[in-house]
Amino acid sequence: MQKDVKELTQKLQKNKKDLSIKKLFKTDPDRFSRFSKQAEELHLLYDYSRNLIDKEIFDGLMDIAEAARINDYAQRMFAGEKINWTEDRAVLHTALRDFSGGKIEVDGQDVMPEIVKAREKMKVFSEKVRSGEFKGSTGKKISTVVNIGIGGSDLGPRMAALALRAFSDGPRPVFVSNVDAADIIESLKGLDPETTLFLVASKTFTTQETITNALSARSWLTSALGEDAVEKHFVALSTNREEVERFGIDPENMFGFWDFVGGRYSLWSSIGLSLAISIGYENFESMLRGAEALDKHFLETEYSENIPVIMALIGFLYNNVYGFDTTAILPYSQYLERFPAYLQQGDMESNGKSVNRSGGPVDYHTGQIIWGEPGTNSQHSFFQLLHQGSRIIPADFIGYINPPERKGDHHDKLMANMFAQGEALAFGCTKEEAKKEMQDAGLSKEDIDMLLPHKVFRGNRPSSTLLFEELTPYTLGVLIALYEQKIFVQGILWDINSFDQWGVELGKKLASRILKKIGDAEVEGLDSSTSGLLAAYIKGKEI
Ligand code: G6Q
């Protein structure tokens with residue numbers, strides 16, 4: 001951490017108090033309005049009143065935000081400065097959702113004209129596929145679009161395509177990512193080569209998993225329709241023209257983006273083409289505009305009213321002052337079923353670092369550990385631990401006042417559960433309350449005595465709630481950008497580079513070394529565990 005951020009954090013650690021959320025609400029009838037924020041332009045109500053904060057802690061967090069000069073760093077990112085210093089790159093996924101008409105320069109070159117051109121190309125192509133003007137090699141309309149990619153080239157479009165399913169009126173999107181053949185085998189089952197379009201999504205176009213899957217898809221297609229069909233059934237989403245051509249895809253059918261768009265931030269680029277084809281370009285653009293609105297809020301709102309800044313600081317407080325280990329992400333929307341998985345990459349790949357800006361080791365925890373599942377299903381699985389486990393796990397609830405479609409009282413029930421869970425976590429159930437409940441139910445004294453300790457909920461478990469007006473492409477854009485900027489702010493607080501990912505390289509390198517050994521049936525030069533496992537694999541392999 002920068003020196004002054006560290007000192008202010010130590011001050012918070014030293015003055016750490018045993019706050020009771022219940023008492024905080026009792027002593028301050030205005031607590032909800034004090035610690036919540038309605039942002040009309042984002043269609044969002046953010047409630048952070050059920051957290052372990054009081055005015056003094058909140059002010060302490062604001063001092064940290066000031067000391068960290070968050071807005072200065074944000075301005076530098078948005079202006080195209082090369083803030084990803086280990087890769088010597090600008091970080092401009094924000095430019096992809098910029099409709100202001102202004103200039104953004106990287107190395108003295110305005111990047112906006114190229115971005116506008118790329119958006120136009122996506123628009124024209126997605127409309128052609130949707131209308132049937134673009135046809136497969138045998139003249140048939142495309143009915144299924146298969147996105148082949150992994151990591152940032154998969155998680156974003158997959159999550160968003162699921163989230164916006166209710167808006168899909170185009171070809172069905174399918175996603176293949178795992179190098180496990182099961183993924184492509186099962187995904188291709190029942191598909192018709194004549195009406196299937198493959199989007200090979202890979203920034204580098206060298207990723208083992210993606211190229212392996214793309215080659216299998218290619219042979220599936222050509223064995224049915226012949227070599228010439230490739231041109232009409234394969235499109236590339238990439239920055240690597242040479243490799244795309246080498247694969248046999250016409251560069252005309254390549255949708256580019258740039259080095260300044262990190263993989264896990266690339267949904268806003270041509271990597272989102274499967275989504276644009278599925279929901280239509282207008283809806284896709286609306287998602288970009290939602291993200292743009294969030295960016296504007298982030299850049300122009302004072303820290304004490306700034307939602308991503310507050311979210312980041314609360315996460316920082318739990319991580320670095322209270323020492324809570326993990327954070328649960330709990331969308332009360334089936335549409336957001338992949339959102340926690342998406343966010344795991346966004347958050348943990350960005351901030352799972354232990355080397356600071358000056359190249360030295362950090363001596364504090366970085367990176368929130370994120371996990372979660374949609375409610376209400378998760379209530380029937382891990383909520384037990386959230387309510388009565390020995391650890392405190394702060395949670396983010398995400399819900400919508402209006403779902404894309406109402407059916408009976410499903411949504412009221414869903415939301416009642418979400419509100420109730422936050423309430424139960426915060427306020428729990430005292431001994432007296434639990435006893436009275438059992439007495440009212442007519443239980444014997446012995447049973448009450450035996451059950452009582454198990455029926456008590458200590459409460460005081462913090463959570464925040466993001467309540468959106470409705471689930472639309474626009475509000476999905478807001479939600480994703482909100483977490484992106486939260487992650488960015490935390491990277492500044494922890495004084496790390498949130499935009500590289502060297503930590504994923506070693507495993508890849510070792511896997512390719514081992515793969516060569518499998519081919520050679522040679523197992524020397526490895527540690528005894530790796531060579532033992534490998535020997536067993538080679539011996540038992542059925543060919
Ligand atoms: C994300 C990472 C990583 C990347 C995948 C796929 O920030 O860089 O998840 O997206 O490794 O890479 P390609 O798009 O190059 O295939």
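An account of the accompanying structure is given in this report. (Residues numbered from 1 in each chain as written. Predicted model: local features only at pLDDT ≥ 70, side-chain atom pairs only at ≥ 80, totals over all residues. Heavy atoms only, no water.)

Here we look at the overall build of the chain
- Assigned secondary structure in the chain consists of 22 helices and 13 strands.
- Here the C-alpha atoms of the chain give a radius of gyration of 25 Å, agreeing with the 24 Å that 2.2 N^0.38 yields for 543 residues.
- Overall, the chain is about 75 × 60 × 60 Å in size when its C-alpha atoms are taken along their principal axes.
- Counting the 543 residues in the chain, one finds 52% classified as buried.
- In the chain, of all internal contacts separated by at least 6 residues, the share reaching a separation of at least 24 is 75%.
- For the chain, the exposed area adds up to about 24700 Å²; of that, 50% sits on carbon and sulfur atoms.
- Between the averaged position of the 63 positive side-chain charges in the chain and that of its 78 negative side-chain charges there is a distance of 3 Å. (Helix = DSSP H or I, 4+ residues; strand = E, 2+ residues; numbered from the N terminus. Rg over C-alpha atoms; globule rule 2.2 N^0.38 Å. Buried < 20%, exposed > 50% of the residue type's maximum accessible area, 1.4 Å probe, protein only. Contact = heavy atoms within 4.5 Å. Areas by Shrake-Rupley, 256 points an atom, 1.4 Å probe, with all protein chains shown as cover. Lys, Arg positive; Asp, Glu negative; His and termini not counted. Charge placed at Lys NZ, Arg CZ, Asp CG, Glu CD.)

Observations concerning the nonpolar core
- Membership of the largest hydrophobic core comes to 122 residues, with the highest contact counts inside it found for Phe339, Ile398, Leu466, Leu476 and Leu479.
- When residues in this core are grouped by element, the largest group, 14 residues, is from helix H20 (residues 473-494).
- Not counting residues up to four positions away in its chain, the partners in contact with Leu476 are Met159, Ala160, Ala163, Leu164, Met287 and Leu336.
- Ile148, Ile211, Ala217 and Val244 belong to the second-largest nonpolar core, a separate cluster that totals 22 residues. (Core = buried A, V, L, I, M, F, W, Y, C linked by side-chain atoms within 4.5 Å.)

Examining the sheet that holds strand S6 (residues 172-176)
- Overall, parallel pairing links the five strands, which are arranged S6-S5-S7-S8-S9 in an open sheet. Each edge of the open sheet is held by one strand with a lone partner, namely S6 and strand S9 (254-256). Across this sheet, the average inter-strand angle for adjacent strands is 20°, counted without regard to direction.
- When strand S7 (residues 196-201) meets strand S8 (residues 234-238), the two strands line up parallel, connected through four bridges. Across the sheet, residue Phe198 finds its bridge partner in S8, namely Phe234.
- Packing of helix H8 (residues 181-188) onto the sheet brings it into contact with strand S5 (144-148), S6 and S7, and relative to S6 it is tilted by some 160°.
- With respect to the sheet, helix H9 (residues 208-225) is in contact with S5, S6, S7 and S8, its orientation differing from that of S7 by roughly 160°. (Pairing = 2+ DSSP bridges. Axes fitted to C-alpha atoms, helices over the stretch in contact; angles between N-to-C directions.)

Structural notes on the sheet that holds strand S13 (residues 463-470)
- Strand order in the open sheet formed by six strands is S1-S2-S13-S12-S10-S11, with mixed pairing between adjacent strands. Here the strands that pair on one side only, and so sit at the sheet edges, are strand S1 (36-39) and strand S11 (369-371). For this sheet, the mean inter-axis angle between neighbouring strands, taken without regard to orientation, is 15°.
- Alignment of strand S12 (residues 395-402) against S13, held across seven bridges, turns out to be parallel. Following the sheet pairing, Asp396 is matched in S13 by Ser464.

Structural notes on the pattern of salt bridges
- Under the defined criterion, the tally for this structure stands at 35 salt bridges.
- A salt bridge links Glu227 to Arg218; the shortest N-O distance between them is 3.3 Å.
- Look at Arg218 and you get buried, because its relative accessible area is 16%.
- A salt bridge links Glu245 to Arg241; the nearest nitrogen and oxygen atoms lie 4.0 Å apart. Here Glu245 pairs with Arg241, and both are found in helix H11 (residues 241-247), just four residues apart, close to one helical turn.
- By relative accessible area, Arg241 is classed as partly exposed at 48%.
- One network of salt bridges, in which partners are shared, links Lys17, Asp54 and Glu56. (Salt bridge = Lys/Arg side-chain N within 4 Å of Asp/Glu carboxyl O.)

Read these as geometric descriptors, not functional statements.
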